[in-house]
Amino acid sequence: VRTQVAIAGAGPAGLVLACVLLRAGIAVEIVERQPRETVEQRARAGMVEHRVVEYLRAHRLADGLLAHGVRHGWCDFLIPGERLRLDYAARAGGAAHWVYPQQYLVRDLVAALETAGGRPYFARPVTAVHAPAGERPALRCPGLVVEADYLVGCDGPHGVTREALPAALRDDASHRYPYDWLTVLAEVDRPVDGVVYGVHRRGFAGIMPRTARLARCYLQIPAGDSAADWPRERVRAELGTRLLTPHGALPRVGRLTDTGVLRMRSTISQRLCHGRVFIAGDAAHLLAPAGAKGMNAAVADAADLADALVRHYQDRDDAPLAGYSARRLHHIWRVQEFADRFLDLLNTARPDGDDGRFGLHLKRERIRRLTEDGPFGTDFAHQYAGTGELP
Ligand code: RFL
């Protein structure tokens, strides 16, 4: 098959890119390893930033999100003895998140792609990428070769496209945090009405709304611990201790299921293109899961690259494509810097012999400043909600 733009991976990044290009009259083929049902049912992110919602709305890709998503503009911080609210939408000029499960967004995007005439290839793993200098690059999968003007790897952190960028050129910058997060789905006796971040000297604990009867809980655990180190009774006891609230008690936590461990690490490639091959989304950067930025950064990459490719084909202007890597890295490092500060606020790093009280006093003061009027909280609110515009 010959096309203009070949895309590996039908996650949020690949699908947004494909939809926008196709509607601009650019020929696209998209190849996905998993069957359609798998990508449409894979539960992951849920918090969509303001600027991403506005971008999707402007490109008529947000109908499902706006019809069924829930707008969310505040979060609470629990510090022993205190519950402080950050009304970040009010502080960020009305910008808020929409809570809409990633798998629903993916399902909507696949439908939009088909309506625009796209025919995604599902259950076709890309096994090799050919990108010889000066020639048209190609993606290879069982029974199919896609030759294109440009290849875009939106195939996640373990995809094959990033391997087509020589490691020395990619120059990944990585960081391992000195703790991990345990995550568990909890049955609750009533809905959790907003995100609650618990800051405690034993470590972070969080509870996030999912459905009327389910919440997603997080617990900071020592780096390298496995789920087997955390039997359900231990998780329940620790949640009870760290999320003890003086007023406006939280819902009661019942049965716990779906336990997993999130290894807290980040990797950001320092170059997102080589010749006619580009990478975007998790293929280019794996951000630590604080502040719910991964999916949002993936869509922002796709938006930028879509705009650059449209200008290449419609205006014969190659400058935007040449600047893709530098522009995106600037944005991604800004997001990562925010996520890093947020992690530092939530988690407790206690050297031996430290009882944690000193650090907790500092965190309490930082949280009070966040929730009081003033530039500190306003800046946080803008970064958390994701204000500004995508291309
Ligand atoms: P995806 O969504 O991983 O899509 C990549 C696609 O590529 C396919 N693929 C291949 N296809 C063809 N050939 C190959 N050889 C291939 N290898 C892989 C895969 O099957 C897949 O369909 O990457 P994309 O599009 O860059 O999107 C990134 C987001 O999915 C990711 O950043 C977020 O899910 C991260 N994340 C969150 N982000 C947020 O913004 N807010 C959140 O609240 C949030 N919560 C989460 C998360 C990630 C989680 N995981 C992955 C542990 C919660 C969880 C539990």
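Reading guide: rules and limits
- Residues numbered from 1 in each chain as written.
- Predicted model: local features only at pLDDT ≥ 70, side-chain atom pairs only at ≥ 80, totals over all residues.
- Near = placed C-beta within 6 Å.
- Helix = DSSP H or I, 4+ residues; strand = E, 2+ residues; numbered from the N terminus.
- Nonpolar A, V, L, I, M, F, W, Y, C, P; charged D, E, K, R; others polar.
- Expected span 1.5 Å × (residues − 1).
- Buried ≥ 20, exposed ≤ 12 C-beta atoms within 10 Å, placed from the backbone.
- Contact = placed C-beta atoms within 7 Å.
- Pairing = 2+ DSSP bridges.

(A) The site of the ligand, seen in detail. Surrounding the ligand, one finds 33 residues, the nearest of these being Gly9, Gly11, Ala45, Gly281 and Gly294. Going through the elements one at a time, helix H1 (12-23) and helix H9 (294-315) are the ones with two or more residues in the shell around the ligand. Ranked by the residues each element gives to the shell around the ligand, the list is headed by H9, at 4 residues. Per-class residue counts for the shell around the ligand are 16 nonpolar, 11 polar and 6 charged.

(B) Molecular detail of H1. Taking 1.5 Å per residue as the helical rise, H1 with its 12 residues ought to reach 16 Å, and the 17 Å between its terminal C-alpha atoms agrees with that figure. Counting buried positions along H1 yields 11 of 12 residues, so the element is predominantly enclosed. Of all the positions in H1, only Pro12, Ala13, Gly14, Leu15, Val16, Leu17, Ala18, Cys19, Val20, Leu21 and Arg23 are classed as buried. Looking at the packing, one finds that the buried side of H1 touches strand E1 (2-8), strand E2 (28-31), helix H6 (102-115), strand E10 (144-153) and H9. Of the residues trailing H1, Gly25 is marked for its positive phi of about 85 degrees.

(C) Just the pairing of E10, in detail. Where E1 lies against E10, 6 bridges are found, and the strand directions are parallel. From the neighbouring strand, Ala6 faces E10, where its bridge partner is Leu151. Note: E10 against strand E19 (residues 277-279), 3 bridges, orientation parallel. Within the sheet, the bridge partner assigned to Gly153 lies in E19 and is Ile279.

(D) Quick look at the sheet that holds strand E20 (residues 285-286). With antiparallel pairing, 3 strands are arranged side by side in an open sheet as E11-E17-E20. Each of the sheet's edge strands pairs with one partner strand only, and the pair in question is strand E11 (173-176) and E20. Bridging between E11 and strand E17 (residues 265-268) involves 4 bridges; their strand directions are antiparallel. Its bridge partner being in E17, Arg176 is matched across the sheet by Arg265.

(E) Summary view of the environment of Arg23. Its location among the elements puts Arg23 in helix H1. On a C-alpha basis, the gap between Arg23 and Gly117 in space is 8.9 Å, while along the polypeptide they are 94 residues apart.

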